[in-house]
Amino acid sequence: MVQGVLIENGVIQNINPATGELIEPTVSVTSPEQLDVIIKAANASQPSWSARTLSERIAAIRQGLASVEPIADELASVITQEMGKISAEAKLEVSNAIALKDSWLDMVKEANKDVHLGGGEEGKAESVIVRDPLGVVAVISPWNFPAGEIPFLAIPALAAGNTVIVKPSEVTPLSGELFCRALASTLPEGVLQVVQGDGKIGEQLVSSDDIHMVAMTGSTATGKKIMSVCSSKLKRLVLELGGKDPMIVFKDANLDKAANDAVANSLFNCGQVCCAVERVFVDESIQNEFEQKVLDIAKKWKVGNPSDAGTTMGPLASQVQRDNVSKQVDAAVKEGAKVLYQSECPDDGHGYFYPVTVLSNLNQDMQIQNLETFGPVVAMSTFDGTEETAIAMANHSDFGLASYVYTTDLTKGSRVARKIRSGQVGINCYSILAAQPACPWIGHKQSGFGSHSGMDGFQSFSVPKSIVFTTNAPK
């Protein structure tokens, strides 16, 4: 049982987190025998898929992403039902996934092209770097972006000539299957397949000798288990894991923008985002002014039915997730944290709602400052205004996925950013939204292993091979 998801008689008990009701249609767990058949099919299909030209593979994938468009509204509705994401955010997730078929997919293609070194008109020695697929890639996708995260892992793997088996989270099995079915509709049989189940089926999948790489987005704890299982075969890994992302607000920052971003990026998707703002460090000289601005913005958020147009935040994805957030907040209050605000929220005993919560007076030793919260909490503390202290507080974490620095002095912002140990640092912005598409998405420390996205990330799903000639290479 993960995130409170029960499996009874081989069927995932898929619960709507806003109502507590069972979602139809039901989803059956893949049996070990079925998994063996799926893995064999993936291996059988891989040679012919990789034998296609890169352009042919990209064209088929592009058509697959276009095939998601006719079911976009249905997919967004299922995402809302399964994990409680408000309708506007679910529709945005789906439209962003479909949009990958354009310039983003062109970059994936570019990353997989042959590279020629040397040569020339005089017939000099030339080497050609080609990229070999790994074989069959297992993709373990998360529940917080059940459609949006799959393409970032599956598509570069497919483009490189691998076949792919996706295991959606058991929290959002229908969303993952619906997306993959559309994407696979333009691909040869066996090239992209789906298995369903909890950690047991996931372990059987990643431990198979006939799986050659694992790409996963999820918790650090699960990532460590996958790394341990894969270590005996030295399987290639891409792991995007948890975060405890800091936001530093210097006194010269645009406080209106900083306050808005602190709230929005703590509460988006009910705080269930690996790069959500989870620690806000505010220059002590502007504490009162900044906290008031945060309160004014947070009070505008409305918690409720995620399908209602007026709702800005739905429920947490599960009872387990709600309990985790509640325990962290309660512990912080007992240790001296101050609750500046908690919103109203539905309390009918069926949904997994939690109020918008704004905390102040936090210190570095509190549990809520060290463990990933993954919930709708704006967690604020102060620092003495110096760069050194801000950097030390930001780096006081086992995680290092993303960070944020707010200041009108861009030279200072750059200087601080270079000393923060995280994969991305946004200067006056939410980096994952503002970053150039070619930027990699990578975690430092316990926030990940390897990378996806960007040219380096796209190439993580293949291995380079140098073909060396003493003359010009053949055309």
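What counts, and at which threshold
- Residues numbered from 1 in each chain as written.
- Predicted model: local features only at pLDDT ≥ 70, side-chain atom pairs only at ≥ 80, totals over all residues.
- Heavy atoms only, no water.
- Helix = DSSP H or I, 4+ residues; strand = E, 2+ residues; numbered from the N terminus.
- Rg over C-alpha atoms; globule rule 2.2 N^0.38 Å.
- Contact = heavy atoms within 4.5 Å.
- Lys, Arg positive; Asp, Glu negative; His and termini not counted.
- Charge placed at Lys NZ, Arg CZ, Asp CG, Glu CD.
- Pairing = 2+ DSSP bridges.
- Axes fitted to C-alpha atoms, helices over the stretch in contact; angles between N-to-C directions.
- Salt bridge = Lys/Arg side-chain N within 4 Å of Asp/Glu carboxyl O.
- Buried < 20%, exposed > 50% of the residue type's maximum accessible area, 1.4 Å probe, protein only.
- Polar contact = N/O pair within 3.5 Å; in protein donor to acceptor, adjacent residues only side chain to side chain.
- Core = buried A, V, L, I, M, F, W, Y, C linked by side-chain atoms within 4.5 Å.
- Phe/Tyr/Trp six-rings, centres within 6.5 Å; stacked < 30°, edge-to-face > 60°.

A. Seen up close, the overall build of the chain. Tallying secondary structure elements over the chain gives 16 helices and 23 strands in all. The C-alpha radius of gyration of the chain comes to 23 Å, within 12% of the 23 Å expected for a compact globule of 475 residues. Seen through its principal axes, the chain has C-alpha atoms that stretch 70 × 60 × 40 Å. Counting only contacts in the chain whose residues sit at least 6 apart along the sequence, the fraction spanning at least 24 positions is 74%. Treating the 39 positive side-chain charges of the chain as one cloud and the 54 negative ones as another, the clouds have centres 5 Å apart.

B. Broad picture of the sheet that holds strand β7 (residues 163-167). Taken in spatial order, the six strands make up an open sheet running β8-β7-β6-β9-β10-β21, and their pairing is mixed. Both outer strands of the open sheet, β8 (192-194) and β21 (448-449), are each paired with one neighbouring strand and no more. By the bridge criterion, four bridges tie strand β6 (residues 136-140) to strand β9 (residues 213-217) in an arrangement that is parallel. Counterpart to Ile-140 in the pairing with β9 is Met-216. Sheet strands in contact with helix α6 (residues 150-159) are β6, β7, β9 and β10 (236-240), and its direction is about 160° off that of β7. Set on the sheet, helix α9 (residues 220-231) makes contact with β6, β9, β10 and β21; between it and β10 the angle comes to about 175°.

C. The pattern of salt bridges, seen in detail. In this structure the tally under the stated criterion is 13 salt bridges. Between Lys-293 and Asp-256 there is a salt bridge, and its shortest N-O distance comes to 2.7 Å. With a gap of 37 residues between them, Lys-293 in helix α11 (residues 287-298) and Asp-256 in helix α10 (residues 255-267) connect regions that are remote in the sequence. Residue classification places Lys-293 among the partly exposed residues on the basis of a relative accessible area of 22%. Given a relative accessible area of 49%, Asp-256 falls into the partly exposed group.

D. Representation of the environment of Gln-196. As for its placement among the helices and strands, Gln-196 is situated in the loop between β8 and α8 (199-207). On the basis of relative accessibility, which here comes to 3%, the residue Gln-196 falls in the buried class. It is 45 Å that separates the C-alpha atoms of Gln-196 and Leu-117, two residues lying 79 residues apart in sequence. Excluding its chain neighbours within four sequence positions, the residues that come into contact with Gln-196 are Ile-12, Val-27, Ser-28, Val-29, Thr-30, Pro-168, Pro-173, Glu-177 and Ile-201. Of note is the side chain of Gln-196, whose polar atom sits 2.8 Å from the side chain of Glu-177.

E. View of the nonpolar core. Within the largest apolar cluster, 59 residues are counted, with the highest numbers of intra-cluster contacts made by Val-164 and Phe-179. Look past the residues within four positions of Phe-179 in its chain and what remains in contact with it is Leu-65, Val-68, Leu-75, Ala-97, Ala-147, Ile-150 and Pro-151. Residues Ala-262, Cys-270, Met-366 and Ala-379 belong to the second largest nonpolar core, which totals 52 residues.

F. Structural context of the packing of aromatic side chains. Counted by the stated rule, this structure contains six aromatic pairs. Between Phe-250 and Phe-383 the ring centres are 5.6 Å apart and the planes differ by 85°, which places this aromatic pair in the edge-to-face class. Here Phe-250, found in the loop between β11 (245-249) and α10, pairs with Phe-383, found in strand β15 (residues 377-383); they are 133 residues apart in sequence, far enough to count as distant. What makes Phe-250 buried here is its relative accessible area of 1%. Residue Phe-383 is classed as buried on the basis of its relative accessible area, which comes to 2%. Linked through ring pairs, Trp-104, Phe-152 and Phe-458 together constitute an aromatic cluster.

G. Focus on unusual backbone geometry. The peptide bond linking Glu-24 to Pro-25 adopts the cis configuration, its omega dihedral lying at -5°. Topologically, Pro-25 is positioned in the loop between β2 (11-12) and β3 (27-28). In this model, Asn-269 sits at a positive phi of 60°, which is unusual for a non-glycine residue. Topologically, Asn-269 is positioned in the loop between α10 and β12 (277-283). Phi at Cys-270 takes a positive value of approximately 60°, unusual for a residue other than glycine. Tracing the chain through its elements places Cys-270 in the loop between α10 and β12. On the basis of relative accessibility, which here comes to 3%, the residue Cys-270 falls in the buried class.

H. Looking closely at the pairing of strand β14 (residues 357-360). On β14, burial covers both faces: Thr-357 and Leu-359 on one face and Val-358 and Ser-360 on the other are all buried. The pairing of β14 with β15 spans three bridges and is classified as parallel. If you follow Leu-359 over to β15, its bridge partner there is Ala-379.

I. Structural context of the environment of Val-463. Mapped onto the elements, Val-463 comes out in strand β23 (residues 462-469). Sequence separation of Val-463 and Leu-117 is 346 residues, and the distance between their C-alpha atoms is 17 Å. Among residues more than four places away in sequence, those in contact with Val-463 are Val-130, Arg-131, Asp-132, Leu-134 and Arg-236.

Nothing here speaks to function; it is all geometry.
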